[in-house]
Amino acid sequence: MANYYIGVDVGGTTVKMGLFSEAGELEEKWEIPTRTEEGGKNILPDIVESIEKKRESLGAHINGIGMGVPGPVTDDGVVLKCANLGWGVFSAKNELASLTGVGNVQVANDANIAALGEMWKGGGRGFDSIVMVTLGTGVGGGIIIRGKILTGSMGAGGEIGHMKVRQDETESCNCGGQGCLEQYTSATGIVRMAKKKLHPGSAKLEDSCLNGKEITAKAIFDGAKADDAYCKEVVEEFGRVLGLGLANVAQVVDPEAFVIGGGVSRAGEIILDVTKRYYNDHVMFALQNKEFRLAELGNDAGIYGAAKLVLE
């Protein structure tokens, strides 16, 4: 009977799962709906049922299950509330182990396991200390030091999207604070900058290719690549703020590399170029010229990282 490992990435809409060999190769992946009603009481049983069906169809033995969830998780697998899932505080690790009978179970924050996955099989290959930044609707982060996730005392390590990078901000972030990194470098934050002209510069929106069109993060980066002056100013401010934020992170954890993922990262090398330039302007000499890379695993990063948790 072949031995396999399962990587689970629980999202608010779907649960992604991957079947991995003992050699760490992804053999198969699938999804099931995330049933968040009734306080999310069906989520773990649904996951267990799906894993059992897969195990039976393959005649396989499951050696370990790793799982990522969208919320803070302590080192011993206790979830400290997942609002998107309806979960309160409980040991997801113990519950999953009890339901499956598998002894090797690990649970971690979803952004952290995505970072672990990228370090293992994606843009962070070749390094064992990375910071991953996920630029999407919000800004997430995961910090891996010498191959281990930096979870922090309350499972909230790596939440770099809510570090304060501007003191003059008057609008509130989703977290309730003002001037958070997320307000300028997420997809919504970039659009906000473009619409409100929060960046310094002399170019005008009415003279831009954006004028009269739907303003999206993609349109802004496309415009900058096409040498649109207004779009270039927005991208410069984006890079200045993100570069400053990552410089602050580097001063504390000194990673070997930064990996940038999420929907915004699809803009490509322009993201790396502008961010690295401002990063070097803000960081001390000994920490300059770190590697900056784009994430490679996309939506599969979580299942890779979850599997990696239990493959060791």
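The following paragraphs examine the structure supplied in this document.

1. A few points about the sheet that holds strand β7 (residues 105-109)
Consideration 1: Ordered by their spatial adjacency, five strands build an open sheet running β3-β2-β1-β4-β7, and the pairing between neighbours is mixed. Every other strand in the sheet has two partners, leaving β3 (26-33) and β7 as the edge strands with one partner each. Ignoring which end each strand starts from, the neighbouring axes of this sheet average 20° apart.
Consideration 2: Here strand β2 (residues 14-21) pairs with β3 via seven bridges, running antiparallel. Looking at β3, one finds that Phe 20 is bridged to Leu 26.
Consideration 3: Contacting β4 (61-69) and β7, helix α3 (residues 92-100) runs over the sheet at an angle of about 145° to β7.
Consideration 4: Taken strand by strand, helix α4 (residues 110-121) contacts β1 (3-10), β2, β4 and β7, and its axis lies near 105° from that of β7.

2. Some points on the environment of Gln 178
Consideration 1: Locating Gln 178 in the fold gives a position in the loop between β10 (148-149) and α5 (182-185).
Consideration 2: In this structure Gln 178 comes out as partly exposed when scored by relative accessible area, which is 28%.
Consideration 3: For the pair Gln 178 and Asp 75, spaced 103 residues apart in sequence, the C-alpha to C-alpha distance is 30 Å.
Consideration 4: Each residue touching Gln 178, except ones within four places of it in the same chain, is listed here: Lys 164, Arg 166, Glu 169, Thr 170, Glu 171, Ser 172 and Gln 183.
Consideration 5: Of the polar contacts made by the side chain of Gln 178, one reaches the side chain of Ser 172; its length is 2.9 Å.

3. A few points about the layout of surface pockets
Consideration 1: Empty space within the largest pocket amounts to approximately 1,200 Å³.
Consideration 2: Contributing to the lining of the largest pocket are 42 residues, with Asp 110, Ala 111, Ala 114, Thr 134 and Gly 140 lying nearest its centre.
Consideration 3: Secondary structure elements with two or more residues in the lining of the largest pocket: β1, α4, β8 (130-135), β9 (139-145) and α10 (301-311).
Consideration 4: In terms of residue count, α4 provides more of the lining of the largest pocket than any other element does, four residues in total.
Consideration 5: Classifying every residue of the lining of the largest pocket gives 13 nonpolar, 21 polar and eight charged.
Consideration 6: Roughly 270 Å³ of volume is contained in the second largest pocket.
Consideration 7: Sorting the residues of the lining of the second largest pocket by element identifies β7, β10 and α10 as the ones contributing at least two each.
Consideration 8: Looking at the lining of the second largest pocket element by element, the count peaks at three residues for β7.
Consideration 9: Residue composition of the lining of the second largest pocket, by class: six nonpolar, four polar and four charged.

4. Remarks on the sheet that holds β9
Consideration 1: Across the sheet, five strands lie side by side as β10-β9-β8-β11-β12; this open sheet has mixed pairing. In this open sheet, the two strands that pair with only one neighbour each are β10 and β12 (291-294).
Consideration 2: Two strands pair when backbone bridges link them, and β8 and β9 are joined in this way by six bridges, in the antiparallel orientation. The residue bridging Met 132 from the neighbouring strand is Gly 142, located in β9.
Consideration 3: Packed onto the sheet, helix α9 (residues 269-282) meets β11 (257-261) and β12 and runs at close to 155° relative to β12.

5. Overview of the pairing of strand β5 (residues 78-82)
Consideration 1: Here β5 runs beside strand β6 (residues 87-91); their pairing, made up of four bridges, is antiparallel. In the strand pairing of β6, Val 79 is matched with Phe 90.
Consideration 2: Linking β5 back to β6 in an antiparallel pair, the connection comprises four residues, with Gly 86 at a positive phi of about 85°.

6. Here's the deal with the pattern of salt bridges
Pairs may arise between side chains of opposite charge once their charged atoms sit close together.
Consideration 1: Enumeration over the complete set of coordinates arrives at 19 salt bridges.
Consideration 2: A salt bridge links Lys 54 to Glu 28, with the shortest nitrogen-to-oxygen separation between them at 2.5 Å. Pair noted here: Lys 54 is in helix α2 (residues 43-58) and Glu 28 is in strand β3, with a separation of 26 residues, a long-range link.
Consideration 3: For Lys 54, a relative accessible area of 15% puts it in the buried group.
Consideration 4: Each of Arg 166, Asp 168, Glu 237 and Arg 240 takes part in a single network of salt bridges with overlapping partners.

7. Section: the packing of helix α8 (residues 229-253) against α9
Each pair of packed helices gets described by two things: the angle between the helix axes and the distance between those axes.
Consideration 1: It is at 7 Å that the axes of α8 and α9 come closest, and there the two elements cross at 55°. Between α8 and α9, the interaxial angle falls into the category oblique. The way α8 lies across α9 gives a crossing that is right-handed. Contacts between α8 and α9 involve Val 235, Glu 236, Phe 238, Gly 239, Arg 240, Leu 242, Gly 243, Leu 244, Leu 246, Ala 247, Ala 250 and Gln 251 from the first element and Ile 270, Ile 271, Val 274, Thr 275, Arg 277, Tyr 278, Tyr 279 and His 282 from the second.
Consideration 2: Partitioning the contact of α8 with α9 into residue classes produces twelve nonpolar, five polar and three charged.

8. With respect to helix α6 (residues 187-196)
Consideration 1: Within the span of α6, buried status applies to Gly 189, Ile 190, Val 191, Arg 192, Met 193 and Ala 194.
Consideration 2: Contact partners of the buried residues in α6: α5, α7 (217-225) and α8.

The rules we used
- Residues numbered from 1 in each chain as written.
- Predicted model: local features only at pLDDT ≥ 70, side-chain atom pairs only at ≥ 80, totals over all residues.
- Heavy atoms only, no water.
- Pairing = 2+ DSSP bridges.
- Helix = DSSP H or I, 4+ residues; strand = E, 2+ residues; numbered from the N terminus.
- Axes fitted to C-alpha atoms, helices over the stretch in contact; angles between N-to-C directions.
- Contact = heavy atoms within 4.5 Å.
- Buried < 20%, exposed > 50% of the residue type's maximum accessible area, 1.4 Å probe, protein only.
- Polar contact = N/O pair within 3.5 Å; in protein donor to acceptor, adjacent residues only side chain to side chain.
- 1 Å grid on protein atoms, 1.4 Å probe; cavity = no way out; pocket = protein on both sides within 12 Å on 5 of 7 lines; lining within 4 Å.
- Points joined across faces, edges and corners; volume = space filled by probe spheres on them.
- Nonpolar A, V, L, I, M, F, W, Y, C, P; charged D, E, K, R; others polar.
- Salt bridge = Lys/Arg side-chain N within 4 Å of Asp/Glu carboxyl O.
- Parallel < 35°, antiparallel > 145°, perpendicular 65-115°, else oblique.
- Left-handed = near helix turned anticlockwise from the far one by under 90°.

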